[in-house]
Amino acid sequence: MKYFNIDMHISIVHDVKTLFPEMGHQIDSCCMSGHTWVNKETQCETEVINPSNWFYINDEMCDKFYERYKDELKDYDGFIHSYPPAFAALFEKFDKPIYTIACTRYDYPCGSGEQSTLDRLSWLNEKLMSGYNNGQIKFIANNLYDKKYSEEFCGGEWKFIPSICSYVSNLRCNGKDDKLVLWDRNRDGLRNELASHEKIDVKFTTNQVYSRENLINLSGIIHIPYNISIMSAFEHYAMGIPMFVPSYELLIKWKTEGRDVLNELEFRNNLNTPVKDEWIKLADWYDEENMPGVILFDSINHLHELVATYNQEEVTSIMKEFYPKKKEKVISLWEDMLR
């Protein structure tokens with residue numbers, strides 16, 4: 001089977017695109033994200049929808065897309081996409097299966113963000129649920145939080161199929177630099193408080209271009225979560241890089257105190273509320289069935305104790321031993337979804 005993809009996310013479908021050939025399928029992709037350099041790809045755009053106008057997706061844009069590309073895309077067996085789920089409307093008139101993956105709140109940009117309105121959110125929900133109810137759209141979530149969020153505010157059942165990032169699974173953490181870095185978008189000084197340990201390199205930042213190949217020389221990565229599901233965390237797990245993450249209690253404490261954490265959990269003008277703090281327990285790194293070996297810390301002092309005493313090779317082995325089992329399960333879930 002051959003599928004077509006348009007996305008604003010660099011890695012969700014890149015992951016699936018790497019995995020599908022093992023099942024005998026192919027995905028051709030047009031990624032419009034400005035961060036395609038991470039996957040060594042070129043930013044794409046179409047003549048109808050592009051990186052500048054996709055926020056305004058509506059029926060008129062979808063109709064124009066169909067008229068322009070109905071001949072070029074007619075030979076595809078279906079469509080698959082992640083961010084945003086609103087892109088499902090682009091493919092409605094092709095009358096073929098659409099696989100929609102929720103990864104960062106399904107409602108953006110119609111029900112959250114600068115262009116959100118109640119009318120646009122109603123339009124999105126109607127499009128998604130109409131396609132779901134008639135069997136054209138298949139709902140998927142790559143994390144349990146977005147499964148919960150989408151079912152609560154949109155409806156339907158969103159099948160949980162975690163990302164596994166097989167495109168980096170050939171890279172194995174070796175820890176030769178004996179250094180840890182912070183993975184965050186923190187702006188209130190919390191990263192400096194965490195980094196007051198000699199093994200933690202505070203100079204590294206995700207705001208600069210980095211190479212995944214160089215990350216394997218680290219002996220660990222400390223996450224200050226800025227979202228509830230972070231694709232980089234799936235990548236770090238696939239590479240067997242020990243991951244240090246604040247416990248649920250500590251993360252909620254920081255959030256309650258107004259520290260700069262989970263700042264991308266909800267977009268501005270979010271019309272789907274309220275969101276419950278207890279849902280944060282559904283974050284990937286708290287899911288021991290899908291991420292055994294993640295190291296949780298309850299305080300900054302606790303983090304520093306763990307950094308001084310953990311065994312990098314032992315943690316890497318746990319993650320690498322589990323990974324093939326997880327991959328086998330994910331392939332099985334996708335095969336069931338595609339039947």
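Residues numbered from 1 in each chain as written. Predicted model: local features only at pLDDT ≥ 70, side-chain atom pairs only at ≥ 80, totals over all residues. Heavy atoms only, no water.

Draft legend 1. Representation of the overall build of the protein chain. Counting secondary structure elements, the protein chain contains 10 helices and 11 strands. Relative to the 2.2 N^0.38 estimate, which gives 20 Å for 339 residues, the radius of gyration of the protein chain is 20 Å and therefore close to what a compact globule would have. By principal-axis analysis of the C-alpha atoms, the protein chain measures approximately 60 × 40 × 30 Å. The 339 residues of the protein chain split such that 60% are buried. Long-range pairs, those at least 24 residues apart, make up 70% of the contacts in the protein chain with a sequence separation of at least 6. Carbon and sulfur atoms provide 46% of the accessible area of the protein chain, an area that totals close to 14700 Å². When the 37 basic and 53 acidic side-chain charges of the protein chain are each reduced to a single mean position, those positions are 2 Å apart. (Helix = DSSP H or I, 4+ residues; strand = E, 2+ residues; numbered from the N terminus. Rg over C-alpha atoms; globule rule 2.2 N^0.38 Å. Buried < 20%, exposed > 50% of the residue type's maximum accessible area, 1.4 Å probe, protein only. Contact = heavy atoms within 4.5 Å. Areas by Shrake-Rupley, 256 points an atom, 1.4 Å probe, with all protein chains shown as cover. Lys, Arg positive; Asp, Glu negative; His and termini not counted. Charge placed at Lys NZ, Arg CZ, Asp CG, Glu CD.)

Draft legend 2. Molecular detail of the nonpolar core. If you look at the biggest cluster of nonpolar residues, it comprises 125 residues, and the most contacted ones within it are Phe 65, Phe 244 and Trp 334. Here this core takes 9 residues from helix H10 (residues 312–338), the largest share from any one element. With sequence-adjacent residues up to four places away left out, Phe 244 is seen in contact with Leu 180, Ile 221, Ile 222, His 223, Ile 295, Phe 297, Leu 303, Leu 306, Val 307 and Tyr 310. (Core = buried A, V, L, I, M, F, W, Y, C linked by side-chain atoms within 4.5 Å.)

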